[in-house]
Amino acid sequence: MGHDGWQVPAPQALRAGPGFDLAALDRASTPGWSGDREAGEPHAAARGERLAELQELLFAHGRTGGTRSVLLVLQGLDTAGKGGIVRHVIGAVDPQGVMLRSFGVPTEEERAHHYLWRIRQSLPRPGYLGVFDRSHYEDVLVVRVAGLVPPEVWQARYAEINAFEEEVTASGTVVVKVALAISPDEQAARLRERLERPDKHWKYNPGDLDVRAQWPAYEEAYQAVLDRTSTDVAPWYVVPADRKWYARLAVTELLVHALEGLELSWPPSDIDPAAELARLDAIRIPQPGGAAAD
Ligand code: ADP
């Protein structure tokens, strides 16, 4: 056997290609990765450092007129671990370069607009790593399952979303779409923990159980999303999420690949470092008390 690590690159191992069958996915599996948690956690930490370096490069690129950006779209049922990805994966990079946005039930103002309006407003500016905690996909997930609009309305949205994402990618944004897939048993365990621990009660929403009760309908809606919106310009990656360490490792790796794909380098500068160093050395700051510093 080879050593622990990615035996198949994460983007390849996780991509939802034609015929992808969500029902057949083992949510405790670790596609592409051969090691266990003991190997996975330190590897994720090292790749998190690489991610931070690449994000700084992207930020520098944006500051010097570059047009590229990266957008991570996170979807998943309640307790799938979206918040943990934001905390642990995105938490590894400099927050000033991150544009994080969560999408909940649309506000009155948002409802007065097209469903993509709030999404367009939240797209990352050049140089930024954008993160969507939920997204426009809610408009073909909860909206479809809960019957919030007539079927002909949500049915038309898949093509509209594809056209929108094509436009976004054409403008320089790499879109990384991640669906976190947990099993019903693991969700039950995570909900139970929220109920048993007073410090987790704030995370518990009684409505989560109504969503859980519609599990098969959500699986069907997710399958439709994967069938109809996993395009060449903006593919879906389906990450089994019963093992939190794997989900974090996998999303870190997907982002590292996305950023490396931009092939950015440090922006050229017109400063004269030698002259600037000489100026730095020449400046004498008077010390309190009068004595000049050496
Ligand atoms: P979370 O449950 O992720 O912690 P919130 O408490 O803000 O975050 O709730 C998000 C809720 O908003 C989810 O139940 C989700 O289905 C709902 N939601 C998001 N987008 C829409 C939408 N376009 N239409 C209706 N409901 C939506």
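Residues numbered from 1 in each chain as written. Predicted model: local features only at pLDDT ≥ 70, side-chain atom pairs only at ≥ 80, totals over all residues. Heavy atoms only, no water.

As annotated in an unreviewed UniProt entry, the protein chain is Polyphosphate kinase-2-related domain-containing protein from Actinotalea fermentans.

## Here we look at the nonpolar core
Our working rule: Residues belong to a common nonpolar core when they are buried Ala, Val, Leu, Ile, Met, Phe, Trp, Tyr or Cys residues joined through side-chain atoms within 4.5 Å. Burial classes: relative accessible area under 20% of the type maximum marks a residue as buried, over 50% as exposed, and values in between as partly exposed (1.4 Å probe, protein chains only). Put simply, DSSP H or I for four residues or longer makes a helix, DSSP E for two residues or longer makes a strand, and each gets a number counted from the N terminus. When checking whether two residues touch, look at their non-hydrogen atoms; a contact exists if any pair is within 4.5 Å.
L72, I90, V176, V178, V239, Y246 and L255 are the most contacted members of the largest nonpolar core, which has 76 residues in total. Examining the composition of this core, we find that 11 residues originate from one element, helix α12 (residues 244-260), more than from any other. If we skip the residues at most four places from it in the chain, L255 touches L51, V70, L72, V89, I90, L129 and V176.

## Quick notes on helix α8 (residues 157-170)
For clarity, the cut-off: Expected helix span is given by 1.5 Å per residue-to-residue step, counting one fewer step than there are residues. Directions from the helix axis toward the C-beta atoms define the arc.
Counted at 1.5 Å a residue, the expected span for α8 with its 14 residues is 20 Å, and the 20 Å between its end C-alpha atoms agrees. Listing the buried residues of α8 in full gives R157, Y158, I161, N162, F164, E165, V168 and T169. Taken down its axis, α8 places every buried residue within 165 degrees of arc, on the same side. In α8, the exposed residues that point more than 90 degrees away from the buried face are A159 and A170. The inward-facing, buried residues of α8 contact α5 (117-120), α6 (142-145), α7 (151-155), β4 (173-181) and α11 (215-229). Positive phi appears at G172, one or two residues downstream of α8, with a value of about 115 degrees.

## Comments concerning unusual backbone geometry
Its identity is not glycine, yet R134 carries a phi of approximately 70 degrees, on the positive side. Residue placement: R134 occurs in the loop between β3 (129-133) and α6. Its identity is not glycine, yet E263 carries a phi of approximately 50 degrees, on the positive side. Tracing the chain through its elements places E263 in the loop between α12 and α13 (273-282). Among the residues examined, E263 registers a relative accessible area of 71% and is labelled exposed.

## What to know about the environment of A13
Note that A13 resides in helix α1 (residues 10-14). For A13, a relative accessible area of 27% corresponds to the partly exposed category. Residues A13 and E196 lie 183 residues apart in sequence; the distance between their C-alpha atoms is 36 Å. Apart from the residues lying within four places of it in its own chain, the contact partners of A13 are V8, P31 and G32.

## Examining the packing of aromatic side chains
Selection rule: To pair, rings of Phe, Tyr and Trp, with the six-membered ring standing in for Trp, must have centres within 6.5 Å; the planes then decide the type, stacked if under 30 degrees apart, edge-to-face if over 60, and tilted in the middle. Each ring is checked for a lysine NZ or an arginine CZ that lies within 6 Å of its centre and within 35 degrees of its normal; such an atom marks a charge sitting over the ring.
Enumeration over the complete set of coordinates arrives at seven aromatic pairs. Feature note: the residues W6, W33, W245 and Y246 constitute an aromatic cluster, connected by ring pairs. Between the NZ or CZ atom of R125 and the centre of the ring of Y128, over which it lies, the distance is 5.0 Å.

## What about the pattern of salt bridges?
Inclusion rule: Put simply, a salt bridge is a Lys or Arg side-chain nitrogen that is within 4 Å of an Asp or Glu carboxyl oxygen.
Scanning the model with the defined rule gives 18 salt bridges in all. One salt bridge in this structure joins R50 and E53, with 2.6 Å as the shortest N-O distance. A residue pair is termed a helical-turn pair when its members lie 3 or 4 positions apart in one helix, as R50 and E53 do in helix α2 (residues 37-63) at three residues. Judged by relative accessible area, which is 43%, E53 ranks as partly exposed. Salt-bridge contacts for R118 lead to E110; the nearest nitrogen and oxygen are separated by 3.0 Å.

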